[in-house]
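Inside the fold
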Amino acid sequence: SKLDLVGQSIDITTGTWIDSTSHISAAIDSYYEYLVKGAILFNDKDCQYMFNTSLVALKEHVLDRGKTGTWYGHVNMHTGERVRTWYGALDVFFPAVLALAGDTAHAADLFRSSLTMWNQHGIEPAQFDYEKMEVVNPRYYLNPEIMESTYYLYKVTGDEHYLRVGKALFDSLKTYCRVDEGYAELASVITKEKSDRMESYFLAETLKYLYLLFAPPETLVFERVIFNTEAHPIQPTW
């Protein structure tokens, strides 16, 4: 839009926006992630320019600092008007992206709010109203995003605080999601009722980032790889 914000979905035939809501959550999240990672992996100046432009717009219109913390909500991409004060499990990838982009202080600030959301019920909900400090969607899908951001912030800062956070996150998973057959999603983070489902990304991403957080540095040299959205490490060979 004229505000340099992107919407949630577009009609690829007409080019008109079907959903003009702008945020950092599902349906837009990987766009920002791949701009940063594309810029680094391929030394792509266009991706870098696009991310820098988007980040300025996000900080000006979508970022929401208030008495409950630092958050990113939902706004109208054309006007910047705030339409929802929602933040959720998928949004928590953004501290990792910010850390990778070199904006470490802002990444740490947003991560603190993410932990506040997690600690409300000992595990994070799919959607959370940060103004009311209430759960909007109580499901937990064994998401990897907060583990991913913990890993990135530890690797970028070397601060052992993130190791303690990682242990606390894993302890919560074992307490609330562990079952004889593996790990179960939660139908509600409030009641801790389990669902009979475990997606493969729990192994490929959630546990992988926790493993790498505590693994010896030589297991995977962080500075030499770029992870795609599904946590596959890509090492440049060109």
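Everything here concerns the structure above.
Figured I'd write up the structure that's included with this text. (Residues numbered from 1 in each chain as written. Predicted model: local features only at pLDDT ≥ 70, side-chain atom pairs only at ≥ 80, totals over all residues. Heavy atoms only, no water.)

1. Examining the overall build of the chain
Assigned secondary structure in the chain consists of seven helices and 14 strands. Relative to the compact-globule value of 18 Å for 238 residues, the chain shows a C-alpha radius of gyration of 18 Å, a close match. Seen along its three principal axes, the alpha-carbon backbone of the chain occupies a region of about 50 × 45 × 35 Å. Residues classed as buried in the chain amount to 49% of the 238 residues present. Within the chain, contacts between residues at least 6 apart in sequence are counted, and of these 59% link residues at least 24 apart. Here the chain displays about 11500 Å² of accessible surface, and carbon together with sulfur accounts for 52% of that area. One way to put it: in the chain the 21 positive side-chain charges average out to a point 4 Å from where the 32 negative ones average out. (Helix = DSSP H or I, 4+ residues; strand = E, 2+ residues; numbered from the N terminus. Rg over C-alpha atoms; globule rule 2.2 N^0.38 Å. Buried < 20%, exposed > 50% of the residue type's maximum accessible area, 1.4 Å probe, protein only. Contact = heavy atoms within 4.5 Å. Areas by Shrake-Rupley, 256 points an atom, 1.4 Å probe, with all protein chains shown as cover. Lys, Arg positive; Asp, Glu negative; His and termini not counted. Charge placed at Lys NZ, Arg CZ, Asp CG, Glu CD.)

2. Observations regarding the side chain of Ser25
Within the secondary structure layout, Ser25 lies in the loop between β3 (21-22) and α1 (29-41). Ser25 sits in the buried class, given a relative accessible area of 4%. Among all residues touching Ser25, those that are not within four sequence positions of it are Leu90, Asp91 and Gln127.

3. Things to note about the pairing of strand β5 (residues 69-72)
Going residue by residue along β5, you find Gly69 and Trp71 tucked away on one face and Thr70 and Tyr72 tucked away on the opposite face as well. One ladder, built from four bridges, connects strand β4 (residues 63-66) with β5; its direction is antiparallel. Along β5, the bridge assignment pairs Gly66 with Gly69. Between β4 and β5, which follow one another and run antiparallel, lie two residues. (Pairing = 2+ DSSP bridges.)

4. What about the packing of helix α4 (residues 104-121) against helix α5 (residues 145-157)?
The description of two packed helices rests on the angle between their axes and on the distance between the axes. Close contact between α4 and α5 brings their axes to 11 Å; oriented N to C, the two are set at 145 degrees. The handedness of the crossing between α4 and α5 is left-handed. Residue-level inspection shows Thr104, Ala107, Ala108, Phe111, Ser114, Leu115 and Trp118 of α4 in contact with α5, the latter providing Ile146, Met147, Ser149, Thr150, Leu153, Val156 and Thr157. Counted by class, the contact of α4 with α5 contains nine nonpolar, five polar and no charged residues. (Axes fitted to C-alpha atoms, helices over the stretch in contact; angles between N-to-C directions. Left-handed = near helix turned anticlockwise from the far one by under 90°. Nonpolar A, V, L, I, M, F, W, Y, C, P; charged D, E, K, R; others polar.)

5. A few points about α5
Taking 1.5 Å of rise per residue, the 13 residues of α5 would be expected to cover 18 Å, and the 18 Å separating its terminal C-alpha atoms lies within 8% of that figure. Most of α5 sits out of view: ten of its 13 residues are buried. All buried positions along α5 are accounted for by Glu145, Ile146, Met147, Glu148, Ser149, Thr150, Tyr151, Tyr152, Leu153 and Tyr154. Looking at the buried positions of α5, the neighbouring elements they touch are α1, α3 (94-100), α4, α6 (161-176), α7 (201-214) and β13 (226-227). Looking one or two residues past α5, Gly158 carries a phi angle of roughly 75 degrees, positive in sign. (Expected span 1.5 Å × (residues − 1).)

6. Topic: α6
Over its 16 residues, α6 runs 23 Å from end to end, which matches the ideal 22 Å to within 8%, given 1.5 Å per residue. All of the buried residues along α6 are Tyr162, Leu163, Val165, Gly166, Leu169, Ser172 and Leu173. Those residues of α6 that are buried lie in contact with α4, α5, β11 (178-179), β12 (182-183) and α7.

7. Focus: the side chain of Glu148
Mapped onto the elements, Glu148 comes out in helix α5. Notably, Glu148 is buried but unbridged: the nearest opposite-charge side chain belongs to Lys37, and the N-O separation is 4.2 Å. Dropping the residues within four chain positions of it, Glu148 is found in contact with Glu33, Lys37, Phe93, Ala96 and Tyr209. (Salt bridge = Lys/Arg side-chain N within 4 Å of Asp/Glu carboxyl O.)

8. Topic: the environment of Val225
Among the secondary structure elements, Val225 is positioned in the loop between α7 and β13. Overall, Val225 belongs to the buried group, its relative accessible area being 13%. A C-alpha to C-alpha distance of 37 Å links Val225 and Met133, two positions 92 residues apart in sequence. What Val225 contacts, discounting residues up to four positions off in sequence, is Leu220, Pro233, Ile234 and Gln235.

9. Focus on the pattern of salt bridges
Counted according to the given criterion, the structure contains ten salt bridges. Note that Arg112 is salt-bridged to Asp109, the shortest N-O span being 3.3 Å. One end of the pair, Arg112, and the other, Asp109, are both in helix α4, three residues apart, so they sit about a helical turn from each other. For Lys167, the salt bridge goes to Asp171, with nearest N and O atoms at 2.8 Å. Placement of both Lys167 and Asp171 in helix α6 is noted, with a separation of four residues, approximately one turn of the helix.

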